[in-house]
Amino acid sequence: MTTTQPAGQSRKRTSLRTDILEDRPVNLDGFVEEWPEKGLVAMESAFDPEPGVRVEDGVIVELDGKPRADFDFMDTFIAAHAIDIATTEASMAVSSDEIARMIIDPRTSRDEVLAVIRGLTPAKILDVVRLMNVVEIMQGMQKMRARRTPANQAHSTSARDNPIQVAVDAAEGAVRGFAELETTLGVVRYAPLVAIALQVGGQVGRGGVLTQCALEEATELELGMRGITAYAETISIYGTESVFVDGDDTPWSKTFLASAYASRGIKMRFTSGTGSEVQMGNAEGKSMLYLEIRCILMARGAGVQGLQNGSISCIGVPGAVPGGIRAVAAENLVASLCDLEVASGNDQSFSHSSMRRVARLMPQLLPGTDFVCSGYSAVPNADNMFAGSNFDTDDYDDWNTIQRDLQVDGGLRHVREDDILAVRRRAAEALQALFRHLDLPTITDAEVEAATYANSSNDYPLRDVLADLKGAQSVMERGLTGVDLVKGLEATGFHDVAENLLTVLRQRVSGDLLQTSAILTPEFVPLSAINDANDYAGPGTGYRLQGERWEELKKLRHVTSASNPETEVS
Amino acid sequence: MTASTSRAPLTTADYPLSVNRPDLLRTPTGKALSELTMDAVVSGALTAADVRIAPETLLLQAEIADAARRPQLAANFRRAAEMTAIPDAEVLLMYNALRPRASSAEQLDALAERLEGEYGATACAALVREAAEVYGRRDLLARPEQD
């Protein structure tokens, strides 16, 4: 708290109402004035370039007012790979007003919009979305997101890197509906055990959940190659050359890495977000959204299927400036306009105010995105090793109620207590048996019992960390793979879990999960922007929350029975 | 590494291949999807080498990406098809060689030569040559050792 005046200074009398307002959680949040010269501005800066393009002999020789000789590597990459040179001059000639109207007009198809966007430069795209208010941005997202059916992604981590906690919270997350589960570590050497726990737990709650372990690029790729994880996301890109280089990468190294993942049949998306360049100290005087649009175009040029954006870990930066959350909604929309899968943020502690946390979510939840959160915390935020999410396990019932109130699908559902306890116990038992089978550190019956009923890492017996780290090392030294996990689960009587995991591994052979916005249904059918393409064309079309799914989302923890008001249904 | 030329190009209706066109899918070890069973895992007939993607499959997915009007995604799949031949450890070394100021112009040239000569990876080699040109212009080649 910084509102108290130093002792000894005379204190001006404030009203009793002001005292109450001063104590409201929102006043613990940080807010700053815009500073466009340093890039501390959301999306309206006099220092952003004017749109423009010039093509000579099939080559872009001028981009947004900059001649080719002055291109930095982002300009070079975008001009060579991201912009459709055959159509760019025609597309750039369409007025920004007209393009913005095409985006929100249900009579203009998604494909027609994509055809124009393919030829636009970063400054032109900025010029288009700057015309749109937040409701228009949502209307655009409803039509432009790639997959018709929205989904959600969770974090499953542990403040003690306890693999049992990660497994059971993954299982609970899976049964609650998350399509993807992501973990990361406090102690990186724990990664192999925790990644195995996530992979096993994720297949207990329901089949077909995809998992990843966020680590340094090379290690993350190695776990994926071994089949211990199913997809990857922590492949960061930046909007200025200097910050990109500070991240020890270039558009070409990241493009090579994208192909490396695909060559192993592993789904992958890049990560970027407004505010990262100003946070890393070199925004080159450009607005946050202009730089993010460069990232989005770079991702399209690399041929990666999708992008995690929406400021992500830098949300405090756009969150502090005027219009910042509108800019965050706009960056998700631009990723969809560029025909990329979008995992749309809402994955980082953002505000002390619950009202602000929910308001920040609305532009993604209401229209739906490919993944509404790119990390809803499926553990209490104190256990969230991504530094906390915008929503955590305490918010499950609120989330389910908001879905029911507004009849929108945020990817989750209410699950009965006995079902949750059953999947938690089964995940713990499966991991216990697998660790014993693979000669990894013991999981005791007391730990299984604790895991079944636990909330946070404090509710589990302490592990022998040194023994766990030795076990983790042996996973790498022995070269254990996803197939070894399947074999171990089958040998120890967890046939259904083994079968689910084998089915996920088999997906690699077909490459179906490499296409844009791909997830697996609980029946293991790949669902992507190809066989579930967004066909929104106005009221009554596109994804509608109805039928069996709507009946499921009507259920909450406490709902009074209509036939017997003395009882509850759930 | 060209897909069979006797059939019509794939369309988006062929997706997902695992459901609609399993007949076209083989592991790099020559097995059909239907052979990847639990019995095969238990007997040891199925190993980690069998749950990898074949270059031919990546080219099929590239056809579908092209049909879905995603040419950059298709190009990514074609580079990936070339990369299936490169061992895991070498892929990681090549990625690291492309990081800023990690390689000299000569080293990047040698990398492109190796991709082309050893692995027939012409699209990957072109990407490396393009990087080398840009790195030279933007001071991102390895700096000579200081005395």
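As recorded in an unreviewed UniProt entry, chain B goes by Diol dehydratase small subunit and comes from Pseudonocardia charpentierae.

An unreviewed UniProt entry annotates chain A as Propanediol/glycerol family dehydratase large subunit originating from Pseudonocardia charpentierae.

**Things to note about the overall build of chain B**
A count of helical and extended segments in chain B gives 7 helices and 0 strands. Walking chain B from its N terminus toward its C terminus, one meets helices and strands in the order α-α-α-α-α-α-α. In terms of overall dimensions, chain B is more spread out than a globule: its C-alpha atoms have a radius of gyration of 19 Å, far above the 15 Å expected for 147 residues. Taken along its principal axes, the extent of the C-alpha atoms in chain B is 60 × 40 × 20 Å. By sequence separation, contacts in chain B at least 24 residues apart represent 55% of the contacts at least 6 residues apart.

**A look at the domain arrangement of chain B**
Residue and element names in this part refer to chain B. Along its sequence, chain B is carved into domain 1 (1-84) and domain 2 (85-142). If you average the C-alpha positions of domain 1 and of domain 2, the two centres end up 26 Å apart. Taken together, the contact pairs 5 residues of domain 1 with 9 residues of domain 2.

**Observations regarding unusual backbone geometry**
Backbone torsion omega between Tyr15(B) and Pro16(B) reads -5 degrees, so that peptide bond is classified as cis. Tracing the backbone through its elements, the reader meets Pro16(B) in the segment before α1 (17-20). Backbone geometry places Ser311(A), a non-glycine residue, at a positive phi of 65 degrees. Secondary-structure assignment places Ser311(A) in the loop between β9 (306-308) and α15 (316-320). The exposure class of Ser311(A) is buried, given the 31 C-beta atoms found within 10 Å. Its identity as a non-glycine residue notwithstanding, Gln407(A) has a phi of 50 degrees, on the positive side. Looking at the element boundaries, Gln407(A) is found in the loop between α18 (396-406) and α19 (417-437).

**Digging into the environment of Gly117(B)**
All names here are of chain B. You can see Gly117 is positioned in helix α6 (residues 105-119). Given 10 C-beta atoms within a 10 Å radius, Gly117 is considered exposed. Spatially, the C-alpha atoms of Gly117 and Tyr15 are 34 Å apart, while their sequence positions differ by 102 residues.

**Some details on the sheet that holds strand β10 (residues 341-343) of chain A**
All names here are of chain A. Across the sheet, which stays open at both edges, the 4 strands sit in the order β7-β8-β9-β10 with parallel pairing between neighbours. On the outer flanks of this sheet lie β7 (231-236) and β10, each paired with one strand and no other. Between one strand axis and the next, the sheet turns by 30 degrees as a mean value, whatever way the strands run. In this sheet, strand β8 (residues 267-271) lies alongside β7 in parallel orientation, the contact comprising 4 bridges. Note on β8: the bridge partner recorded for Ile235 is Phe270.

Reading the values: the criteria
- Residues numbered from 1 in each chain as written.
- Chains lettered and ligands numbered in written order.
- Predicted model: local features only at pLDDT ≥ 70, side-chain atom pairs only at ≥ 80, totals over all residues.
- Helix = DSSP H or I, 4+ residues; strand = E, 2+ residues; numbered from the N terminus.
- Rg over C-alpha atoms; globule rule 2.2 N^0.38 Å.
- Contact = placed C-beta atoms within 7 Å.
- Domains from an automatic or database assignment.
- Buried ≥ 20, exposed ≤ 12 C-beta atoms within 10 Å, placed from the backbone.
- Pairing = 2+ DSSP bridges.
- Axes fitted to C-alpha atoms, helices over the stretch in contact; angles between N-to-C directions.

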